[in-house]
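Overview (structure and organization)
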Amino acid sequence: MTPSTHDIMKFEITFDVDEIPRIVERIKECHGLAFSAFSGCPISLTKSLERRGESRVKFDEPIYLYPVELNGNQAISVTQQPIVGITRDISPHGVGFAFDEAIETDYVIAEFDLYGAGQVALLLDVRWQRQTDKYAFIGGALIIGRGKQHA
C-alpha cells in the first residue's frame, strides 16, 4: 500500500450489519493468501478466548486510517494524509490496532489491502486509544459500516 496525499477524501457509507462479517472474513482470507504467497507456508488465523463473548483473531495487517467526520451517509476526511497503522486483532464486531499519531475524530475509515483484489474500507467508531510512547498509540474500534471512496 502506498500512502497518498489528498485534499479531501469522501466515502459513501453503507450501514449493513449483515455485510460486515463477510467483509471481515474476506480480509482474513486475503491476508492468509498474501502470507502464503510470500512465505510459502499456510497461515492459521486461530481464534482467541475472549472476555467479551466474541472471538477475536490475532491479526497483523498494515492499514491506513483516515480520520473522518460523518455527514449522513457520507464520511469526509479531515486530514491530508492517512495515519499509518497495523491491526492487532479483528472480529466481526471490531478491530484493535496500533498507530503512529493520535486520532482526533470519533470515526476513521480503515483501508485494508485485499492482496491483488483492491482495497476495502471500513467505517470504525473509535472507542478508545492510549499513547504508549512518543509516536506510538494503541486503540480499539467498533466496525459500523463499509465505505466506498468517491472518485
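Here, every reference points to the structure presented above.
So, here's what we can say about the structure. Since this is a predicted model, take the numbers as computed values, not measurements. (Residues numbered from 1 in each chain as written. Predicted model: local features only at pLDDT ≥ 70, side-chain atom pairs only at ≥ 80, totals over all residues. Heavy atoms only, no water.)

**Description of the overall build of the protein**
We count it as follows: Numbering of helices and strands runs from the N terminus, with a helix taken as a DSSP run of H or I at least four residues long and a strand as a DSSP run of E at least two residues long. Three exposure classes are used, based on accessible area relative to the maximum for each residue type with a 1.4 Å probe and protein chains only: buried under 20%, partly exposed in between, and exposed over 50%. Only the protein chains shown count as cover for residues, with accessible areas throughout obtained via the Shrake-Rupley method and a probe of 1.4 Å.
Scanning the protein from terminus to terminus reveals 1 helix and 10 strands. Listed by position from the N terminus, the elements making up the protein come as β-α-β-β-β-β-β-β-β-β-β. When burial is assessed residue by residue, the protein has 41% of its 151 residues classed as buried. Carbon and sulfur atoms provide 50% of the accessible area of the protein, an area that totals close to 8,600 Å².

**Topic: the environment of phenylalanine 59**
With respect to the helices and strands, the residue phenylalanine 59 is situated in the loop between strand E3 (56-58) and strand E4 (62-71). Overall, phenylalanine 59 belongs to the buried group, its relative accessible area being 0%. With 36 residues separating them in the primary sequence, phenylalanine 59 and valine 95 have C-alpha atoms 9.2 Å apart.

**Examining the side chain of glutamate 19**
Stated precisely, the cut-off is as follows: By definition in these notes, contact holds between two residues if any of their heavy atoms fall within 4.5 Å.
Examined against the element boundaries, glutamate 19 turns out to sit in helix H1 (residues 19-39). Given the relative accessible area of 17%, glutamate 19 is considered buried. Residue contacts for glutamate 19: discarding those within four places in its chain leaves Thr14 and Arg146.

**Some remarks on the side chain of threonine 105**
Mapped onto the elements, threonine 105 comes out in the loop between strand E7 (94-99) and strand E8 (107-113). Threonine 105 sits in the buried class, given a relative accessible area of 8%. Ignoring any residue separated from it by four or fewer positions in sequence, one finds threonine 105 in contact with Pro67, Val68, Glu69, Val78 and Val126.

**Concerning the pattern of salt bridges**
Selection rule: Each reported salt bridge corresponds to a side-chain nitrogen of Lys or Arg within 4 Å of a carboxyl oxygen of Asp or Glu.
For the structure shown, the criterion picks out 4 salt bridges. Between lysine 28 and glutamate 25 there is a salt bridge whose closest N-O contact spans 2.9 Å. On the criterion of helical spacing, the pair formed by lysine 28 and glutamate 25 is a turn pair, its members being 3 residues apart in helix H1. By relative accessible area, lysine 28 is classed as buried at 11%. Classification of glutamate 25 by relative accessible area gives partly exposed; the value is 42%. The partner of arginine 127 in a salt bridge is aspartate 125, with the nearest N and O atoms 3.3 Å apart. Assessed through its relative accessible area of 16%, aspartate 125 is described here as buried.

Geometry only, nothing functional implied.
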